[in-house]
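Working through the structure, step by step
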Amino acid sequence: PNEGVRWEPGRIAREIRKAEEADENLRGRRIRGIADPSIFDQSRGESVAQMMEKEGVFFERGDNARIAGKMQVHHRLAFDARRVPMLYVFDSCRDFLRTVPALCYSSGNIEDVDTAAEDHIYDETRYVCMAYPVEQPRVEVPKQKKWDFFQAICH
């Protein structure tokens, strides 16, 4: 947990391709995943995304807007107006169920999660939600009657 497999990018890409080829619904298709923008960093040479592309694994740059992404995740974990959930998490998503409910808010930014915690699956979920954003429901605040002091004491 929280360390990953520690493989070089080429091996990770080959394992992804092997899993995609093993699934008859994915076999032969060009799948584009969504990844943390850091895999596109070329400041030290070839990026992780470029290395993976050589192995036939393709990624789009995820939107790293943390607060907007958090709101997209939270919105989907709620029910819509028809009482239908907008995000289903199955019991086979063991690491999601192990880590996401345990996430705490950041002590430095109470609107974000603690990034020192194991938040990788949460980040992946956030990237997917940001790639397909849904409009937040509008909450109508009922108008309050203006309080009239003289009306209140005279009656």
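This report concerns the structure included in the present document. (Residues numbered from 1 in each chain as written. Predicted model: local features only at pLDDT ≥ 70, side-chain atom pairs only at ≥ 80, totals over all residues. Heavy atoms only, no water.)

**Points about the overall build of the protein**
Which entries qualify depends on this criterion: Helix and strand definitions here come from DSSP, where helices need a minimum of 4 consecutive H or I residues and strands a minimum of 2 consecutive E residues; each element is numbered from the N-terminal end. Buried, partly exposed and exposed residues are distinguished by accessible area as a fraction of the type maximum, computed with a 1.4 Å probe on protein chains only: under 20%, between the cut-offs, and over 50%, respectively. Throughout, a residue-residue contact means that at least one pair of heavy atoms, one from each residue, lies within 4.5 Å.
A count of helical and extended segments in the protein gives 6 helices and 2 strands. Going residue by residue from the N terminus, the α and β elements of the protein occur as α-β-α-β-α-α-α-α. For the protein, the C-alpha atoms occupy an extent of roughly 80 × 35 × 25 Å along the three principal directions. Residue burial in the protein is summarised as follows: out of 155 residues, 24% are buried. A sequence separation of at least 24 residues applies to 63% of the contacts in the protein between residues at least 6 apart.

**Overview of unusual backbone geometry**
Positive phi values are uncommon outside glycine, yet Arg6 reaches one of about 60°. Along the chain, Arg6 falls in the segment before helix 1 (9–22). Phi at Arg83 is positive, roughly 70°, even though this residue is not glycine. Its location among the elements puts Arg83 in the loop between helix 3 (66–77) and helix 4 (94–99). By relative accessible area, Arg83 is classed as exposed at 60%.

**Section: the pattern of salt bridges**
Which entries qualify depends on this criterion: A side-chain nitrogen of Lys or Arg and a carboxyl oxygen of Asp or Glu constitute a salt bridge if their distance falls within 4 Å.
Here the structure, examined in full by the defined rule, presents 16 salt bridges. A salt bridge links Asp80 to Arg82, with the shortest nitrogen-to-oxygen separation between them at 3.0 Å. Its relative accessible area of 66% is what places Arg82 among the exposed residues. Ionic contacts of the salt-bridge type, sharing partners, join the residues Arg66, Asp112, Asp119, Asp123 and Arg126 into one network.

**Details of helix 3**
What counts is decided by this rule: Each helix should span, by expectation, one fewer than its residue count multiplied by 1.5 Å.
The end-to-end C-alpha distance of helix 3, which contains 12 residues, comes to 16 Å, matching closely the 16 Å that a straight helix rising 1.5 Å per residue would cover. Taken together, the buried positions of helix 3 are Gly69, Lys70, Gln72, Val73, His75 and Arg76. Buried-residue contacts for helix 3 involve helix 5 (120–131).

**Some details on the pairing of strand 1 (residues 32–35)**
Defined as follows: When DSSP locates at least two bridges between a pair of strands, those strands are taken to pair. A crossover gets the label right-handed when its path from the first strand over the helix to the second runs clockwise, viewed with the strands pointing away from the viewer.
Pairing between strand 1 and strand 2 (residues 58–61): 4 bridges, direction parallel. For Arg32, the partnering residue across the bridge sits in strand 2 and is Phe58. Handedness of the crossover is the feature at issue here: the chain leaves strand 1, passes through helix 2 (residues 48–54), returns alongside strand 2, and the resulting connection is right-handed.

**Re a nonpolar patch on the surface**
Selection rule: The patches reported here contain residues having more than 30% relative accessible area and no salt bridge. Joining distances are 9 Å for like charges and 5 Å for nonpolar side chains (Val, Leu, Ile, Met, Phe, Trp, Tyr). Accessible surface area values rest on a Shrake-Rupley calculation with a 1.4 Å probe, where residue burial reflects the displayed protein chains alone.
The grouping of Leu77, Val89 and Leu97 at the surface amounts to a nonpolar patch, some 230 Å² of accessible area in total. Among the secondary structure elements, Val89 is positioned in the loop between helix 3 and helix 4. The class for Val89 is partly exposed, based on a relative accessible area of 31%.

**Re helix 1**
Keep this limit in mind: Taking the helix axis as origin, the arc is that swept by the directions to the C-beta atoms. Within 3.5 Å is the distance limit for a polar contact, defined as a pair of N or O atoms, with the added protein rule that one can donate a hydrogen and the other accept it, and that residues adjacent in sequence qualify only through two side-chain atoms.
In a regular helix each residue adds 1.5 Å, so 14 residues correspond to 20 Å; helix 1 covers 20 Å between its end C-alpha atoms and thus fits that length. For helix 1, the complete set of buried residues consists of Pro9, Gly10, Ala13 and Glu20. Down the axis of helix 1, the buried set is contained in an arc of 95°. They therefore lie on one face. Helix 1 presents Lys18 and Ala22 as exposed residues on the side facing more than 90 degrees away from its buried surface. Looking at the packing, one finds that the buried side of helix 1 touches helix 2. At the N-terminal end of helix 1, a side-chain oxygen is found 2.7 Å from the backbone nitrogen of Gly10, two or three residues along, and the residue is Glu8.

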